[in-house]
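# Commentary on secondary and tertiary structure
Chain by chain, the residues run as shown.
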Amino acid sequence: MMLQTTTAHAAARSRAHGPTAELWHAVELHRPAGELDGACELTVCGSLARVSLTQAWPVPARDVCPTCVALAR
Ligand SMILES: [Zn+2]
């Protein structure tokens, strides 16, 4: 039997960095979401992004990090 672990994710917006455009990333929630608002957190794909509580994960946008989509669902 497979154990299914459900991890809550928050949506986080990365900054444009050189040739990399702004993207939505997923951040694993280990703390209450209220403590993360506006904080820079390590995303699922290993970059840093600012958590947004006005946007839930998964993000219904087109500019979403494909790595985070694959890893956080
Ligand atoms: Zn990502």
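For the structure itself, consult the block above.
What comes next concerns the included structure. Computed from a predicted structure; not experimentally measured.

Calculation notes
Residues numbered from 1 in each chain as written. Predicted model: local features only at pLDDT ≥ 70, side-chain atom pairs only at ≥ 80, totals over all residues. Heavy atoms only, no water. Donors = N, O, S within 2.8 Å, 3.2 Å for Na, K, Ca; no water. Tetrahedral: all angles 85-135°; square planar, octahedral: opposite > 155°, others 65-115°. Helix = DSSP H or I, 4+ residues; strand = E, 2+ residues; numbered from the N terminus. Pairing = 2+ DSSP bridges. Axes fitted to C-alpha atoms, helices over the stretch in contact; angles between N-to-C directions.

On to the coordination of the zinc ion. By definition of the ideal shapes, a tetrahedral metal site with four donors has angles of 109.5 degrees and an octahedral site with six donors has angles of 90 or 180 degrees. Looking at the zinc ion, the protein donor atoms are His25 (ND1), Cys45 (SG), Cys65 (SG) and Cys68 (SG), and they sit 2.0 to 2.4 Å from it. Between the four donor atoms coordinating the zinc ion, the angles at the centre fall across 100 to 117°, so the site counts as tetrahedral. Mapped onto the polypeptide sequence, the residues donating to the zinc ion form the spacing pattern H-x19-C-x19-C-x2-C. Of the two residues, Cys45 is situated in the loop between β3 (40-42) and β4 (48-56) and Cys68 in helix α1 (residues 66-71); the sequence distance between them amounts to 23 residues.

Examined against the element boundaries, Ala56 turns out to sit in strand β4. C-alpha separation for the pair Ala56 and Pro66, spaced 10 residues apart in sequence, amounts to 16 Å.

As summarised here, the arrangement of the four strands in space is β2-β1-β4-β3, forming an open sheet in which the pairing is antiparallel. Both edges of this open sheet fall to β2 (24-28) and β3, since each of them pairs with a single strand only. In this sheet, neighbouring strand axes are inclined to one another by 60° on average, regardless of whether the strands run parallel or antiparallel.

Moving on to the pairing of β4. When strand β1 (residues 9-13) meets β4, the two strands line up antiparallel, connected through four bridges. Within β4, the position partnered with Ala10 by the bridge is Ala56. Between β3 and β4, which follow one another and run antiparallel, lie five residues, and Gly46 among them has a positive phi close to 100°.

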